[in-house]
Amino acid sequence: MTVKEAAYHKPANAEGGLYVLLTDLKDDDIRNGGATALAEETAYANGYRPWGRKHVGMPVWDAATRRSSQAFWYHEKGNGR
């Protein structure tokens, strides 16, 4: 499981925030919460609140590599509670 991208993006038709894309996920990474935990650690390290407002994308399956990818958006800056 790797972080392929973690950067600020602001789409024209949506609210901006930290976009985290995880790749090379196994089914267990998604079911057991490992993907969410890695995305939250990445958000926290980049100055975003992982417990704040966020959107989680559905995992996308790549049949050729037998791996999934999943995207997360974090919208609130600041690490303080």
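Presented here is an overview of the structure given in this document.

Here's the deal with the pattern of salt bridges
Then comes step 1: What the rule picks out here adds up to 4 salt bridges.
Then comes step 2: Across the pair lysine 54 and glutamate 40 runs a salt bridge, and its minimum N-O distance is 2.9 Å. Linking lysine 54 in strand 3 (residues 54–56) with glutamate 40 in helix 2 (residues 34–45), this pair joins segments that are 14 residues apart in sequence.
Then comes step 3: According to the relative accessible area criterion, lysine 54 is partly exposed, its value standing at 31%.
Then comes step 4: Notably, a salt bridge pairs glutamate 76 with arginine 49, separated by 3.5 Å at the nearest N-O pair. Placement of glutamate 76 in the segment after strand 5 (67–74) and of arginine 49 in the loop between helix 2 and strand 3 is noted, with a sequence separation of 27 residues between them.
Then comes step 5: The exposure class of glutamate 76 is partly exposed, given its relative accessible area of 22%.
Then comes step 6: A single salt-bridge network, built from bridges that share partners, covers Glu15, Arg49, Arg53 and Glu76.

Some details on the environment of lysine 77
Then comes step 1: Mapped onto the elements, lysine 77 comes out in the segment after strand 5.
Then comes step 2: On the basis of relative accessibility, which here comes to 57%, the residue lysine 77 falls in the exposed class.
Then comes step 3: Leaving out residues up to four positions away in the same chain, lysine 77 has contacts with Asn46, Gly47, Tyr48 and Arg49.

Quick notes on the nonpolar core
Then comes step 1: Ranked by size, the top nonpolar core spans 10 residues in total: Leu18, Val20, Leu22, Leu25, Ala35, Ala39, Ala43, Tyr48, Phe72 and Tyr74.
Then comes step 2: Of all the secondary-structure elements, those providing two or more residues to this core are strand 2 (17–25), helix 2 and strand 5.
Then comes step 3: The greatest single-element share of this core, amounting to 4 residues, is contributed by strand 2.
Then comes step 4: With near-sequence residues (within four places) excluded, phenylalanine 72 lies in contact with Leu18, Tyr19, Val20, Leu22, Ala35, Thr36, Ala39, His55 and Val56.

Focus on unusual backbone geometry
Then comes step 1: One non-glycine residue with positive phi stands out, namely aspartate 24, at about 60°.
Then comes step 2: Tracing the backbone through its elements, the reader meets aspartate 24 in strand 2.

Some thoughts on the side chain of aspartate 29
Then comes step 1: The residue aspartate 29 is located in helix 1 (residues 27–31) in this model.
Then comes step 2: An unpaired buried charge is present at aspartate 29: no salt bridge exists, and lysine 26, the closest side chain of opposite charge, is 6.1 Å distant.
Then comes step 3: Excluding its chain neighbours within four sequence positions, the residues that come into contact with aspartate 29 are Met1, Asp24, Gly34 and Ala35.

Some details on helix 2
Each α-helix turn comprises 3.6 residues. Residues three or four places apart therefore point the same way.
Then comes step 1: With 12 residues, helix 2 should reach 16 Å at 1.5 Å per residue; the first-to-last C-alpha distance of 17 Å fits that figure.
Then comes step 2: Within helix 2, the full set of buried residues consists of Ala35, Ala39, Thr42 and Ala43. Buried residues of helix 2 fall within an arc of 100° about the axis and therefore sit on the same side. Turned more than 90 degrees away from the buried face of helix 2 sit Glu41 and Ala45, all of them exposed.
Then comes step 3: The inward-facing, buried residues of helix 2 abut strand 1 (2–9), strand 2, helix 1 and strand 5.
Then comes step 4: Trailing helix 2 by a residue or two, glycine 47 shows a phi angle of about 85°, which is positive.

Parameters and conventions
Along every chain, residues carry numbers that run from 1 in the direction the sequence is written. Predicted model: local features are reported for residues with pLDDT of at least 70 only, side-chain atom pairs are reported and counted for 80 or more only, and whole-chain, interface and lining totals are derived from all residues. Excluding hydrogens and water, the side-chain figures rest on all heavy atoms present in the structure. For salt bridges, the criterion is a side-chain nitrogen of Lys or Arg within 4 Å of an Asp or Glu carboxyl oxygen. Strands here are runs of E lasting at least two residues and helices are runs of H or I lasting at least four, both read from the DSSP assignment and numbered beginning at the N terminus. When a residue's accessible area, from a 1.4 Å probe over protein chains only, is under 20% of the maximum for its type it is buried; when over 50% it is exposed; and in between it is partly exposed. Any pair of residues with heavy atoms lying within 4.5 Å of one another is described as a contacting pair. For our purposes a nonpolar core is just a set of buried Ala, Val, Leu, Ile, Met, Phe, Trp, Tyr and Cys residues, chained together by side-chain atoms within 4.5 Å. For the purpose of counting charges, residues Lys and Arg are taken to be positive, whereas Asp and Glu are taken to be negative. His and the chain ends are not included. For a helix, the expected span equals 1.5 Å multiplied by the residue count minus one. The arc in question is the one spanned by the directions pointing from the helix axis to the C-beta atoms.

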